[in-house]
Amino acid sequence: MRLSLLFSLLVILTLGLVSPAFAGPTMGDHDLDGIDSLFDNCRDASNTNQRDPDGDGCGAVCDGDYDQDGVVAGTDFLIFRASFLAGTPLGAGYNENADHSGDGIVAGNDFLIFRAQFGAGVPGPSKAAYRDLTACP
Ligand SMILES: [Ca+2]
Ligand SMILES: [Ca+2]
Ligand SMILES: [Ca+2]
Ligand SMILES: [Ca+2]
């Protein structure tokens with residue numbers, strides 16, 4: 001009885017050591033959102049839900065590149081301006097990509113996020129800054 005218990009414990013420990021959760025390097029959690037920076041789609045912006053409406057690998061809280069050309073520039077500003085206060089998810093004009101905060105409307109808090117992205121000129125940074133990924137530097 002005691003031996004089988006010991007064996008079970010050994011199996012659990014062994015499986016634990018080789019499971020993905022325990023394998024591989026970590027980069028720390030720069031924005032303290034509980035997602036290791038190696039896997040975080042916005043390394044420097046807290047987004048535990050990892051929301052990414054356009055699915056480009058760059059989380060909404062750090063993705064001002066709405067037209068997917070790799071830079072946050074004039075055309076992105078025009079897209080943001082068109083969606084600013086234009087509607088809610090239930091109405092016309094709502095742009096979920098410009099809704100950086102994910103609260104259902106494109107408003108002042110989203111502008112602050114977009115402005116920071118516009119100043120940087122590029123989306124991100126995300127996990128791609130550490131990995132061989134092309135989306136969201
Ligand atoms: Ca993080
Ligand atoms: Ca994050
Ligand atoms: Ca995105
Ligand atoms: Ca762009």
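Residues numbered from 1 in each chain as written. Chains lettered and ligands numbered in written order. Predicted model: local features only at pLDDT ≥ 70, side-chain atom pairs only at ≥ 80, totals over all residues.

(A) Inspection of the nonpolar core at higher detail. Residues C42, A45, V61, C62 and A98 are the most contacted members of the largest nonpolar core, which totals 13 residues. Apart from residues lying up to four places away in sequence, A45 is in contact with D31, V61 and C62. (Core = buried A, V, L, I, M, F, W, Y, C linked by C-beta atoms within 7 Å. Buried ≥ 20, exposed ≤ 12 C-beta atoms within 10 Å, placed from the backbone. Contact = placed C-beta atoms within 7 Å.)

(B) Main features of helix α2 (residues 74-83). Burial in α2 covers these residues: D76, F80 and S83. Seen along its axis, α2 keeps its buried residues to an arc of 70°; they face one direction. In α2, the exposed positions angled more than 90 degrees off the buried face are occupied by G74 and L78. Where the residues of α2 are buried, they touch α3 (108-120). (Helix = DSSP H or I, 4+ residues; strand = E, 2+ residues; numbered from the N terminus. Arc of directions from axis to C-beta.)

(C) Layout of unusual backbone geometry. The residue after G124, namely P125, is reached through a cis peptide bond having omega 0°. Even without a glycine there, the phi angle at Q50 is positive, about 55°. Mapping Q50 onto the fold places it in the loop between α1 (2-18) and α2. The exposure class of Q50 is partly exposed, given the 14 C-beta atoms found within 10 Å. Even without a glycine there, the phi angle at L85 is positive, about 55°. When you line up the elements, L85 lands in the loop between α2 and α3.

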